[in-house]
Amino acid sequence: MIPIRCFTCGKVISTAWEDYRQRLSAGEDPKEILDDLGLSRYCCRRMILAHKEIIDDLNPYQ
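How each quantity is defined
Residues numbered from 1 in each chain as written. Predicted model: local features only at pLDDT ≥ 70, side-chain atom pairs only at ≥ 80, totals over all residues. Heavy atoms only, no water. Patch = residues over 30% accessible without salt bridge, like charges linked within 9 Å, V, L, I, M, F, W, Y side chains within 5 Å. Areas by Shrake-Rupley, 256 points an atom, 1.4 Å probe, with all protein chains shown as cover. Salt bridge = Lys/Arg side-chain N within 4 Å of Asp/Glu carboxyl O. Helix = DSSP H or I, 4+ residues; strand = E, 2+ residues; numbered from the N terminus. Expected span 1.5 Å × (residues − 1). Buried < 20%, exposed > 50% of the residue type's maximum accessible area, 1.4 Å probe, protein only. Arc of directions from axis to C-beta. Contact = heavy atoms within 4.5 Å.

With that settled, the discussion passes to a nonpolar patch on the surface. Together, Ile-54, Leu-58 and Tyr-61 make up a nonpolar patch on the protein surface, roughly 350 Å² of accessible area in all. Mapped onto the secondary structure, Leu-58 falls in helix α4 (residues 55-58).

Next up on the list: helix α1 (residues 14-25). In an α-helix there are 3.6 residues to a turn, and that puts residues three or four apart on one side. The end-to-end C-alpha distance of α1, which contains twelve residues, comes to 18 Å, matching closely the 16 Å that a straight helix rising 1.5 Å per residue would cover. Here α1 has its buried residues at Ala-16, Trp-17 and Tyr-20. All buried residues of α1 lie within an arc of 115° about the axis, which places them on one face of the element. Residues Thr-15 and Ser-25 are exposed on α1 and point more than 90 degrees away from its buried face. Buried residues belonging to α1 abut α2 (30-36) and α3 (42-49). Positioned one or two residues after α1, Gly-27 has a phi angle of 100°, which is positive.

Next up, the structure:
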C-alpha cells in the first residue's frame, strides 16, 4: 500500500499510483509519466519510483 502523502513535503501522492502503474506496464517512460501526473518534486518522485507492493507477499501470514 502506497503512503497517502509524501513523507517529506506532505503532498498527496496516492492518487497517482494506479495511473503510474498502468502506464508503466504499458511501456511508457517513467519520467514522462511522473511529469504528466504533476509530480515535479524529487521527494514525491522518490516515493513513487521506490515503492514496492508487498501486500500480496504478506497476505498468506494474516
